[in-house]
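# Topology and contacts: notes
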Amino acid sequence: MAYQGILHRYGHLLNLPSYTRPVSLLEGDTPLIPLPRLGRELGCELYVKFEGLNPTGSFKDRGMTAAISEALGRGAQTVICASTGNTAASAAAYAARSGLRAIVLIPEGKVAMGKLAGAVAYGAEVIQVQGSFDDALALVVEITQKTPIALVNSINPYRIEGQKSAAFEICDDLACAPDWLCLPVGNAGNITSYWAGFKQYQACNATGLPQILGVQAEGAAPLVLGHPVEKPETVATAIRIGRPARGEQALEAAQESNGMIIAVSDAEILATQRVLASEGIWVEPASAAGLAGLMAKTAAGQFEARGKKIVVVCTGHGLKDPSIVTESFPSPKLISATYQALADLIL
Ligand SMILES: *Cc1c(COP(=O)(O)O)cnc(C)c1O
């Protein structure tokens, strides 16, 4: 049967109320792409779970199909979220599809253009907040406590349920869990979901459990520092978060899985973005953090990749944040429209 989205494929494994009314854009079913060349360099069997190929360009669609479906079934008319960008675009798309009003709060001036454009294109009401993502999230929490507006940030439990589907897909594709799963950590919903998903699949299918390597950006690394970061700063806007809503659960996932949470520099993130692009996979900066962490730890001799089956999660598409690439680049060479000019330049 044709693919019908994650609620259809994995709904029996997701803890959603019976009144849920499925709204899908056929999210999920993303490819697990082998990286044999880089894998050989690291001595491991390496794969990218490319979540940038979801309908709105990030993994957020997995949780959003669940959260919006629940909100719709419950009779909500308006949904709201705080967002560094990708949640906004995803909430806007699923709300549009289900006829709900969507309001998104973004930190002033800190959202990548491809994400903001998405939220606007799908018809959300976008509001800038003079403050950080964490400030915007606090406002969203308050208004949803005082009114019937539905909150669709990843503190919404149905977001976590939907996002578990990525762990199920990886186990289905590999016929087991990988030895390691490496992924970026921002508000820490995704690492929480993966760990819950792997544990659930292990319980019913004996697929084994991965160790989890969660990676933050150095300028936004509350889980590594052990305290909130008041003014988080990093080029990886999707993980520019100083007070992760699910920080405790992220630390638990790392500890229970015998994994770790580490930080990498912006320079390492951008270099790894280029490494992935050289394999044909263009991701937004935050999405390169998982692999950046793996490569940094391996280079430092603090990680034994050899012989392991490793999946790095690339959370969002490069098209979300094109200016990161174009700004670091002189504009393309200009020639006259003649054969000679072209030949002079390239031959
Ligand atoms: C949301 C997001 C993250 C961070 O995920 P959390 O669940 O907040 O930890 C990482 N990368 C991208 C592209 C994202 O959109």
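Residues numbered from 1 in each chain as written. Predicted model: local features only at pLDDT ≥ 70, side-chain atom pairs only at ≥ 80, totals over all residues. Heavy atoms only, no water.

### Quick notes on the site of the ligand
In the neighbourhood of the ligand, 17 residues make up the surrounding shell, with Lys60, Asn86, Asn187, Asn190 and Thr315 lying closest. For the ligand, the protein covers 97% of the area, taking 380 Å² as the surface of the free molecule. The site holding the ligand turns out to be the largest cavity. Residue classes in the shell around the ligand are distributed as seven nonpolar, eight polar and two charged. (Near = heavy atom within 4 Å. Areas by Shrake-Rupley, 256 points an atom, 1.4 Å probe, with all protein chains shown as cover. 1 Å grid on protein atoms, 1.4 Å probe; cavity = no way out; pocket = protein on both sides within 12 Å on 5 of 7 lines; lining within 4 Å. Sits in = over half its atoms within 2 Å of the grid points. Nonpolar A, V, L, I, M, F, W, Y, C, P; charged D, E, K, R; others polar.)

### Description of the domain arrangement of the protein chain
Split by domain assignment, the protein chain resolves into domain 1 (6-58 + 161-326) and domain 2 (60-157). For domain 1 versus domain 2, the separation of C-alpha centres amounts to 22 Å. Each partner contributes residues to the interface: domain 1 has 44 residues there, and domain 2 has 33 residues. Both faces combined, the contact of domain 1 with domain 2 buries some 3,100 Å², and carbon together with sulfur accounts for 52% of it. In terms of surface lost to domain 2, no three residues of domain 1 exceed Val23, Thr56 and Lys320, which account for 20% of the buried area on that side. Scanning the region where domain 1 abuts domain 2 turns up three salt bridges. One salt bridge in this structure joins Glu51 and Arg62, with 2.6 Å as the shortest N-O distance. Counting the contacts that link domain 1 with domain 2 gives 22 residue pairs in polar contact (both at pLDDT 80 or more). Within the residue set of the side of domain 1 that touches domain 2, elements represented by two or more residues are helix H1 (6-10), helix H7 (157-163) and helix H8 (165-174). (Domains from an automatic or database assignment. Contact = heavy atoms within 4.5 Å. Buried area = accessible area lost by both parts, 1.4 Å probe. Salt bridge = Lys/Arg side-chain N within 4 Å of Asp/Glu carboxyl O. Polar contact = N/O pair within 3.5 Å; in protein donor to acceptor, adjacent residues only side chain to side chain. Helix = DSSP H or I, 4+ residues; strand = E, 2+ residues; numbered from the N terminus.)

### Quick notes on the sheet that holds strand E4 (residues 101-107)
The strands making up a sheet associate through backbone hydrogen bonding, with each pair oriented either parallel or antiparallel. On the basis of which strands lie adjacent, the open sheet formed by four strands has the order E5-E4-E3-E6 and parallel pairing. Lying at the two open borders of the sheet, with one neighbouring strand each, are strand E5 (125-129) and strand E6 (150-151). Here five bridges tie E4 to E5, and the two strands are oriented parallel to one another. Counted as the bridge partner of Val104 is Val126 from E5. (Pairing = 2+ DSSP bridges.)

### Here we look at a nonpolar patch on the surface
A cluster of nonpolar side chains, Ile335, Tyr339, Leu342, Leu345, Ile346 and Leu347, forms an exposed patch at the surface whose accessible area comes to about 660 Å². For Ile335, the location among the structural elements is in the loop between helix H14 (323-326) and helix H15 (339-346). Among the residues examined, Ile335 registers a relative accessible area of 37% and is labelled partly exposed. (Patch = residues over 30% accessible without salt bridge, like charges linked within 9 Å, V, L, I, M, F, W, Y side chains within 5 Å. Buried < 20%, exposed > 50% of the residue type's maximum accessible area, 1.4 Å probe, protein only.)

### Considerations on the packing of aromatic side chains
According to the stated counting rule, one finds four aromatic pairs in the structure shown. Taken together, a centroid distance of 5.3 Å and an interplanar angle of 55 degrees make the contact between Tyr10 and Phe168 tilted. Placement of the pair is Tyr10 in helix H1 and Phe168 in helix H8, with a sequence separation of 158 residues. Per residue, the accessibility class of Tyr10 equals that of Phe168, and both read buried. An aromatic cluster is defined as three or more aromatic residues linked by ring pairs; in this entry it consists of Tyr10, Phe168 and Tyr201. (Phe/Tyr/Trp six-rings, centres within 6.5 Å; stacked < 30°, edge-to-face > 60°.)

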